[in-house]
Amino acid sequence: MNDATWGKVRHELEGVVGKNHFQSWIEPLDFAGVKDGAAVFHVPTNFIGDWVSRHYKDLILSHLQSAGLPAARVQFTLPPQAQPRPAPLTKPAAKATTAATTSDDGDLPGAPLDPRFTFDRFVVGKPNELAHAAARRVAEGGEVTFNPLFLYGGVGLGKTHLMHAIAHELINREDGLKIVYLSAEQFMYRFVQALREKQMMDFKQLFRSVDVLMVDDVQFIAGKDSTQEEFFHTFNALVDQNKQIIISADRAPGEIKDMEDRITSRLQCGLVVDLHPTDYELRLGILQQKVEQQRMQYPGLVIADGVLEFLAMRISTNVRVLEGALMRLFAFATLVGKEITLDLTQDCLADILRASDRKITIEEIQRRVSEHYNIRLSDLIGPRRLRALARPRQVAMYLSKQLTSRSLPEIGRRFGGRDHTTIMHGVRKIEELMAQDSQLADDIELLRRALEA
Ligand code: ADP
Ligand code: MG
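Residues numbered from 1 in each chain as written. Chains lettered and ligands numbered in written order. Predicted model: local features only at pLDDT ≥ 70, side-chain atom pairs only at ≥ 80, totals over all residues. Heavy atoms only, no water.

**Q** So what about the layout of surface pockets? Which residues, and what values?
**A** Approximately 780 Å³ is the volume found for the largest pocket. Around the largest pocket, the lining is made up of 28 residues, and of these D305, G306, L342, Q402 and E431 lie nearest the centre. At the level of elements, helix 11 (307-314), helix 13 (342-348), helix 17 (387-403), helix 19 (420-436) and helix 20 (438-452) are the ones that each hand at least two residues to the lining of the largest pocket. Considering each element in turn, the lining of the largest pocket owes the most residues, 7 residues, to helix 19. Considering only residue class, the lining of the largest pocket consists of 15 nonpolar, 4 polar and 9 charged. One number sums up the size of the second largest pocket: a volume of about 610 Å³. (1 Å grid on protein atoms, 1.4 Å probe; cavity = no way out; pocket = protein on both sides within 12 Å on 5 of 7 lines; lining within 4 Å. Points joined across faces, edges and corners; volume = space filled by probe spheres on them. Helix = DSSP H or I, 4+ residues; strand = E, 2+ residues; numbered from the N terminus. Nonpolar A, V, L, I, M, F, W, Y, C, P; charged D, E, K, R; others polar.)

**Q** Any chance you could break down the sheet that holds strand 8 (residues 271-275) for me, citing the residues and the numbers?
**A** Taken together, the 5 strands give an open sheet; going across it, the order is 5-6-7-4-8, and neighbouring strands pair in parallel fashion. Edge positions in the open sheet fall to strand 5 (179-183) and strand 8, since each of these has one partner strand only. Shown here is a sheet whose adjacent strand axes are inclined to one another by a mean of 15 degrees, direction ignored. The pairing of strand 6 (residues 212-216) with strand 7 (residues 244-249) spans 4 bridges and is classified as parallel. Of the residues in strand 7, the one forming a bridge with L213 is I245. Packing against the sheet, helix 8 (residues 225-240) makes contact with strand 6 and strand 7, and its axis sits at approximately 145 degrees to strand 7. (Pairing = 2+ DSSP bridges. Axes fitted to C-alpha atoms, helices over the stretch in contact; angles between N-to-C directions. Contact = heavy atoms within 4.5 Å.)

**Q** Describe helix 3 (residues 46-66), naming the residues involved and giving the relevant values.
**A** A bend of about 75 degrees at Y56 is the largest found in helix 3. Buried within helix 3 are the following residues: F47, I48, G49, W51, V52, Y56, I60, L61, H63 and L64. Contacts from the buried residues of helix 3 go to helix 1 (3-17), helix 2 (19-26), strand 2 (38-42), strand 3 (73-77), helix 8 and helix 9 (261-267). One or two steps after helix 3, the chain reaches G68, where phi turns positive at roughly 95 degrees. (Bend = angle between axes of the 7 residues up to and from the residue. Buried < 20%, exposed > 50% of the residue type's maximum accessible area, 1.4 Å probe, protein only.)

**Q** Quick one: what's the story with the pattern of salt bridges, residue by residue and with numbers?
**A** Enumeration according to the criterion identifies 22 salt bridges in this entry. Ionic contacts of the salt-bridge type, sharing partners, join the residues E281, E445, R448 and R449 into one network. (Salt bridge = Lys/Arg side-chain N within 4 Å of Asp/Glu carboxyl O.)

**Q** Help me get a handle on a negative patch on the surface, residues and values and all.
**A** Taken together, D305, E309, E339, E431 and E432 make up a surface patch of like negative charges. Turning to its location among the elements, E431 is positioned in helix 19. Given the relative accessible area of 32%, E431 is considered partly exposed. (Patch = residues over 30% accessible without salt bridge, like charges linked within 9 Å, V, L, I, M, F, W, Y side chains within 5 Å. Areas by Shrake-Rupley, 256 points an atom, 1.4 Å probe, with all protein chains shown as cover. Lys, Arg positive; Asp, Glu negative; His and termini not counted. Charge placed at Lys NZ, Arg CZ, Asp CG, Glu CD.)

**Q** Talk me through the packing of aromatic side chains; I want residue IDs and the actual numbers.
**A** Two aromatic rings are characterised by how far apart their centres lie and by the angle between their planes. Under the counting rule described, the total for this entry stands at 11 aromatic pairs. Seen in terms of ring centroids, F41 and F76 are 5.8 Å apart; in terms of plane orientation they differ by 25 degrees. Their pairing is stacked. Of the two residues, F41 sits in strand 2 while F76 sits in strand 3, which places them 35 residues apart along the sequence. For the pair F41 and F76, a shared accessibility class is recorded, and that class is buried. (Phe/Tyr/Trp six-rings, centres within 6.5 Å; stacked < 30°, edge-to-face > 60°.)

**Q** So, the nonpolar core: which residues are in play, and what are the values?
**A** Membership of the largest hydrophobic core comes to 56 residues, with the highest contact counts inside it found for W6, F41, I60, L64, V218, F231 and I247. In terms of domain composition, this core takes at least three residues from each of domain 1 (3-77) and domain 2 (119-274). Formed by 51 residues, the second largest nonpolar core is a distinct cluster that contains L284, L287, A333 and L440. (Core = buried A, V, L, I, M, F, W, Y, C linked by side-chain atoms within 4.5 Å. Domains from an automatic or database assignment.)

Limitation: the analysis is restricted to geometry and does not speak to function.
Rendered as structure tokens:
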């Protein structure tokens, strides 16, 4: 096959894979001839070779064969003149490594790792177990099995925490490992600064000489063209040297608007895992852990039963808000020297509770509860005192108190004009019973989930 034939095949491939993928993956291939039944292509980097081999090998082969090439397989290699990769450069000047943090570079200026963001302090639950497992795997170091690790999820779900935890763990395991953690924003900032100060060589050298690169909130560079470009090259250079890359974003790679296709494809090449929104159990677990951790700082702190459960139910937006709420409660309770009760919680956190109100209505709760216990809605709300009606009614009162921001008098009005003390009594009764009766506790949990869903 001559170059013209390859030119024709290339053209066909462009039609199949699209312009962007073509430019990223097919265009860089240099046809070097057929050897031992293999169509050999020279690739500029191993990374590109691996990727093309994984995604386009069969496609390329079939087109080559249709064009009459006697090849049974395709092979991608670096051109023979390519030098073996240089060992990572020696440590660049400290001033250039603002965001780098390793055991012996601990005095570097810039964004240090948060010492609290360790695996020990990361509570694992269903919504984050996969991300946690992947992070653990990467933190073991050793051979790079997936590159990059791409973590994504909404605000405050633990992406940064996991990234720092990986860094802490790697530092503990291996002395002198050069780990750079920074936000995509900082990456851009340093890049622009390097451009301005004509220090691009230093910049490139710095980022290409790290052992582990972590870029947080990568969605930030979407649409920032020259920064994306540089990120892309940094990324390639590191993957080619088999250096681990860990990326986070607020959404999946394919959903980041204004991110170049070729970057998106690279981001998807490794392992992509998402952190799901927290569920009740995880939130409760996190709160319990935080309380334990704060014991030292706030000795004598007493938290009434049900307060943590209340917070876990009512603040479902994100963990950062949940933590903030708890800290505020601690500070307040310490200041006024009081036990943290449900009432104090509601007073102290009124604004947060309002903001994260999920707008579950009392009517919805009543409907669900009556369906669940198979009684009529009118009976649930009405005056009859039969036990078979009274208990579900109290459950509905309890859930109304827990899941809405309505006051007791307001709830009373919606339960057939009952007095607020009746509602309070009902709520207390259910709290008591739940502690003894696991069947009831399960029922309520089930209802709560259905309502929250
Ligand atoms: P993100 O980077 O996803 O926006 P962060 O990692 O900054 O979120 O987490 C926000 C806060 O919530 C941090 O203080 C973090 O320690 C805490 N957090 C999040 N998830 C967990 C978890 N599973 N266990 C303990 N703390 C958590
Ligand atoms: Mg973050």
